[in-house]
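One-letter residues, chain by chain:
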4 protein chains.
Amino acid sequence: MALTAEAKGVFPIAPTPFLDDGSIDMSSIDRMMDFYVECGSTGVTVLGQLGEAAKLDHSESLDIAARVIARSAGLPVVVGVSAPGFAAMRALTRDVMDKGAAGVMIAPPNTLRTDDQIVTYYRQAIDAIGEDVPFVLQDYPLTFSVQMAPGVIRRIVQELPSCVVLKHEDWPGLEKISTLRSFEAEGSMRHISILCGNNGLFLDYELERGADGANTGYCFPDMLCDVVRLAAQGSREEAHDLFDAHLPLLRYEQQPGAGLAVRKYVLMRRGILASAAQRKPAAAMSEKARKEVDHLLARLALKDHRASNLVN
Amino acid sequence: MALTAEAKGVFPIAPTPFLDDGSIDMSSIDRMMDFYVECGSTGVTVLGQLGEAAKLDHSESLDIAARVIARSAGLPVVVGVSAPGFAAMRALTRDVMDKGAAGVMIAPPNTLRTDDQIVTYYRQAIDAIGEDVPFVLQDYPLTFSVQMAPGVIRRIVQELPSCVVLKHEDWPGLEKISTLRSFEAEGSMRHISILCGNNGLFLDYELERGADGANTGYCFPDMLCDVVRLAAQGSREEAHDLFDAHLPLLRYEQQPGAGLAVRKYVLMRRGILASAAQRKPAAAMSEKARKEVDHLLARLALKDHRASNLVN
Amino acid sequence: MALTAEAKGVFPIAPTPFLDDGSIDMSSIDRMMDFYVECGSTGVTVLGQLGEAAKLDHSESLDIAARVIARSAGLPVVVGVSAPGFAAMRALTRDVMDKGAAGVMIAPPNTLRTDDQIVTYYRQAIDAIGEDVPFVLQDYPLTFSVQMAPGVIRRIVQELPSCVVLKHEDWPGLEKISTLRSFEAEGSMRHISILCGNNGLFLDYELERGADGANTGYCFPDMLCDVVRLAAQGSREEAHDLFDAHLPLLRYEQQPGAGLAVRKYVLMRRGILASAAQRKPAAAMSEKARKEVDHLLARLALKDHRASNLVN
Amino acid sequence: MALTAEAKGVFPIAPTPFLDDGSIDMSSIDRMMDFYVECGSTGVTVLGQLGEAAKLDHSESLDIAARVIARSAGLPVVVGVSAPGFAAMRALTRDVMDKGAAGVMIAPPNTLRTDDQIVTYYRQAIDAIGEDVPFVLQDYPLTFSVQMAPGVIRRIVQELPSCVVLKHEDWPGLEKISTLRSFEAEGSMRHISILCGNNGLFLDYELERGADGANTGYCFPDMLCDVVRLAAQGSREEAHDLFDAHLPLLRYEQQPGAGLAVRKYVLMRRGILASAAQRKPAAAMSEKARKEVDHLLARLALKDHRASNLVN
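Residues numbered from 1 in each chain as written. Chains lettered and ligands numbered in written order. Predicted model: local features only at pLDDT ≥ 70, side-chain atom pairs only at ≥ 80, totals over all residues. Heavy atoms only, no water.

**Looking at the sheet that holds strand S6 (residues 163–168) of chain A**
Residues and elements named next belong to chain A. The criterion, for reference: Think of it this way: DSSP has to see at least two bridges between two strands before they count as a pair. Strands here are runs of E lasting at least two residues and helices are runs of H or I lasting at least four, both read from the DSSP assignment and numbered beginning at the N terminus. In what follows, residue pairs with any heavy atoms lying within 4.5 Å of each other are defined as contacts. Between the N-to-C directions of two axes lies an angle of 0 to 180 degrees, each axis being a line fitted to C-alpha atoms and, for a helix, fitted only over the stretch in contact.
Read from one edge to the other, the open sheet built from eight strands follows the order S1-S8-S7-S6-S5-S4-S3-S2, with strand pairing classed as parallel. For this open sheet the edge positions go to strand S1 (9–10) and strand S2 (44–46), each flanked by a neighbour on one side alone. Across four bridges, the pairing between S6 and strand S7 (residues 193–196) is parallel. In the strand pairing of S7, Leu166 is matched with Ile194. Contacting strand S4 (103–106) and strand S5 (135–139), helix H4 (residues 115–129) crosses the sheet at an angle of about 150° to S4.

Here is the structure:
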């Protein structure tokens, strides 16, 4: 099932589950996928920035992608294939597409500066992986230091038909969504799906600006699914109430670098991952941070039943 | 009244009020200062990053600092003196200290990379402005691209006795506060005041990690004062409840670049500023953004009476 | 005499002469200006990146510009007015234009990334200083981290009629000159003067690509004048021979950061500056470096009589 | 034969020869290796920054390394193993060491900023590849944006015994060599080999500052070998004369991005490579640039017989 510009809803960014010894935890992958499917996800993205992709070798990456696809119950699976060279990008793309991936996600290398450099990079990448592979354009300046003006995104979309989704995580980014949607309205850019990352920190208003959903890894993807659903059905205040209840924890998890440990810890507490282990190198979560997360969960439990069994 | 390492509480970052024609609005400065004093601020910082300092010429900067100091009711006033050269930094420092400033704030130029470069820069800056001027070290990597490891801050503190406050806005930054406080506990660094910026996005837990207060410009400094007070008196959950009620708006205002327009708009809505005008160049707040802020204020009014008269 | 798009020849970047105590050395300014005029310069630029502009306060900058203009024998004088804010930029521009400057030079702040950000910055700068002031666009990515694609330069030139000179110091930059000249040939960009900086490291071939001359501070501006003259008259190999004779020293002086000390030292050795002093903060030239420069001068003396009296 | 801290002489950075269709040209590898051995090289480095390593997949990289090692006549072969993740770095390291490599070269990822981040990165890298593998520390801020203060290099050298060579290409970098050698002299750092990169742009004086040789890819490695030999035997002016004769071309080839095309073109003209082809994506050399290189070669031929058969 190919990824298309009509993608909507929530594509969780899946973490890569490891056991405490650093080996890949295939059972947790299955459990996590079942959870994603049950809570209403409309797709899944693996091997992204927070999937610890750089700590995996080629064959491990393939094994993980294959397991996720096998357990996706027909949901489209997007695989992160960002790489320092096009040879590695092409090899991974071809292999995961053969295994049934719906598309790939490509982040820009952090050396790109000018508009032309950015457009050229994506042109060359698509030349390498093939025009038949649908791809997600990742726009995350905070992490990649690459700033894509709306006009640059339009150039990429217009020039490369296989660009079907924008993983929107510019920050601030609300006006960018409005600008891109106005490009579509005026007919200067074809329609693409806009799914929001950045841990969903502005998802509440991003949906109102025209985003189609979320593509991020917050530890309560079920909340994201509910917020998208409530917003879609017009229950505006209800959507905001639910979102706001999670905002203190969501903000905490969104901390660059430190966030993955929080995410894995909560997913472990929720019974989805067997372990919160990350592969080396990884910053351990301090005892103080763990207590802060527990405190945030306890406070969340007062407002959202999903957290009620997580109170210590 | 000199700034010291015992600084505590809330030092609001004051915006620079302009009239719609771009002239400086001295009446709003007075009103703003009265408000800061009344709501329990323990100091004020002017001409910072969000005080549009770069749009003011030298004599305007002096006039603003003088007016703020005259209306500060004895509170210590810190003046931002960051400049591309030490000649301008020294000139502004000397002039504002003559007018009664309590100290100055110095941000690092964004070309600094290595530990030694950072320490050397502050050594040279203090050599230029004089060792007798207490200064605030601003640690804001997100904006300045300068990363100060805890050990670098320690070197600056130990080498330069006039460093009395850290404006802490590293992100993530909770562990940094704990590390700096552990340096003090083990005796490898003298005590300094840590006041948190970054719009207060993590103020709730920063206070629990050992921060002394806030040094930021969120449009409800009265809330910041209450949170600091509640935390200090041990009313933990009450402090978090109040903070969480503001988090949706606070997060919205914290957007880099876009935030100042939000801040000035709300301060105008609150009757403190006569106008939300910024000097050119400035990004105007879109109509969509204005409605989002109004929505956030309406939702805030349900939880905090301070916002109740701001509902349209 | 206003700066125009017909500027040609050599505009030396003047260093700011200081006495050993850090005060401005007006006598050396006079001697330096007389030297520039005598050796065939067609203009002069002051208060640039290597003019230690950031170490001067506003009144000092004005005094220097005025002295240079008074002694320029009618040559156009360009003044660097780059500043962190438009208020300071406008103030200095207006003051030096009143004193008879021919135009100003504006470097981009190193925070600019996208094409639109760069164009917008120059639009706002010209809005601040006035459309009647001819300006030099400085394109120096190595120092400013701002990359201007040829198309961005074209947008600035087409949109802002007061842009008359490009200080070209992109690196590598030969193809950029060819591209800009091809824009002119095809009629998509009006003609501007291209003067080369980067210490002249590629001046030999830049002239052949279509540059109009040099705008840099190499310690033998008289050589630059001769090379430009020889190239213009078609004495290609003679131009290269002279250039190549200087290349070992020129390359040495071009080292970022370290180069200004070399430049001032040689200008002192040549009897033009009374002292090689820089204002603080400045990296001193090591004894080893001084001996290397003396060695380079001794070797140069074997090929160019200009250096013959500099052999220790 | 393991790489040691006693490495001296010239380790050319080998380009990766491709045929016009993009396939790897094994015959040219053999010819190139024979040339390196004959002209007096003391080692070879493959798969570096200019070896187009990112365009090769894992098995291709292995094949190239194996062929180079097989044809190295006993010279130590260093393999670049820089990678975005430690899994890929470890895999390539283990594989090439098994095939007989003498050591590996590791460049820092361009996200590193603080001293601690840099030291931690190398500690983790060595933890991944194993302490038994000698490694070259690559210090190239111009390309990688990572600035290693001398004290950081000392920390790495002292903490990681397998660090045996510094590929020195900081710019400016002469004082850095002197500082590192002074650390050795005072006993605060053990001795390591310093081999200079940056196309050898300062090799003349770097050798006099204490460098042990060159580790760069200039298209006349035979000249580099002669310069190192002349300097070692005390023929100072002769060494400089030879170096200066090449400086115009060497400077031209050193242009970032554009240089590899020049290098491959000249190596093709010299009969060493069958083709100047680069794998996509690559900037083609313009017709104007090709003529400039031919001109530089013609002028070089007047001073160095090595170029005499390259005159068109």
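We are not done yet, so read on.
**What to know about the interface of chain D and chain A**
Operational definition: In short, buried area is how much 1.4 Å probe accessible area vanishes from two parts on joining, totalled over both. Salt bridge, as applied in this entry: a Lys or Arg side-chain nitrogen positioned within 4 Å of an Asp or Glu carboxyl oxygen.
At the interface, 14 residues of chain D touch 14 residues of chain A. Of the roughly 1100 Å² buried between chain D and chain A, counting both surfaces, carbon and sulfur atoms make up 60%. When the area that chain D buries against chain A is broken down by residue, the three leading residues are D:Ala54, D:Ala87 and D:Pro281, summing to 36%. At the boundary of chain D and chain A, one finds two salt bridges.

**Comments concerning the packing of aromatic side chains**
The following threshold applies: Classification of ring pairs rests on two measures: the distance between centres of Phe, Tyr or Trp rings, Trp counted by its six-membered ring, which must be within 6.5 Å, and the angle between planes, read as stacked under 30 degrees, edge-to-face over 60 and tilted in between. For every residue, the accessible area obtained with a 1.4 Å probe (protein chains only) is divided by the maximum for its type, and the residue is called buried under 20%, exposed over 50%, and partly exposed between those limits. Over a ring means this: the NZ of a Lys or the CZ of an Arg is within 6 Å of the ring centre and within 35 degrees of the ring normal.
Counted under the stated rule, the structure contains 30 aromatic pairs over all chains. Consider the rings of A:Tyr140 and A:Phe144, whose centres lie 6.0 Å apart with planes at 85°: the pair is edge-to-face. There is no split in this pair, since A:Tyr140 and A:Phe144 are both buried. With centroids separated by 5.4 Å and ring planes inclined at 25°, the aromatic side chains of A:Trp171 and B:Trp171 adopt a geometry described as stacked. Of this pair, A:Trp171 sits in the loop between S6 and helix H7 (174–186) while B:Trp171 sits in the loop between strand S6 (163–168) and helix H7 (174–186), on two different chains. Among the aromatic residues, those joined into a ring-pair cluster are A:Phe86, A:Tyr121, A:Tyr122 and A:Phe135. Against the face of D:Phe183 rests D:Arg154, its NZ or CZ located 3.7 Å from the ring centre.

**Considerations on the relation of the copies chain D and chain A**
As a reminder, the rule being used: Residues below a pLDDT of 70 in either copy are left out; the C-alpha atoms of the rest, at least 70 in both, set the least-squares superposition of the copies.
Superposition of chain D onto chain A requires a rotation of 180° combined with a translation of 0.0 Å along the rotation axis, giving an RMSD of 0.0 Å. A rotation of that kind, with that shift, is consistent with a two-fold axis. Within chain D, D:Pro84 has its C-alpha nearest the rotation axis, a separation of 3.6 Å. Of all interface residues in chain D, 100% are interface residues in chain A too; the two copies therefore contact each other through one and the same surface.

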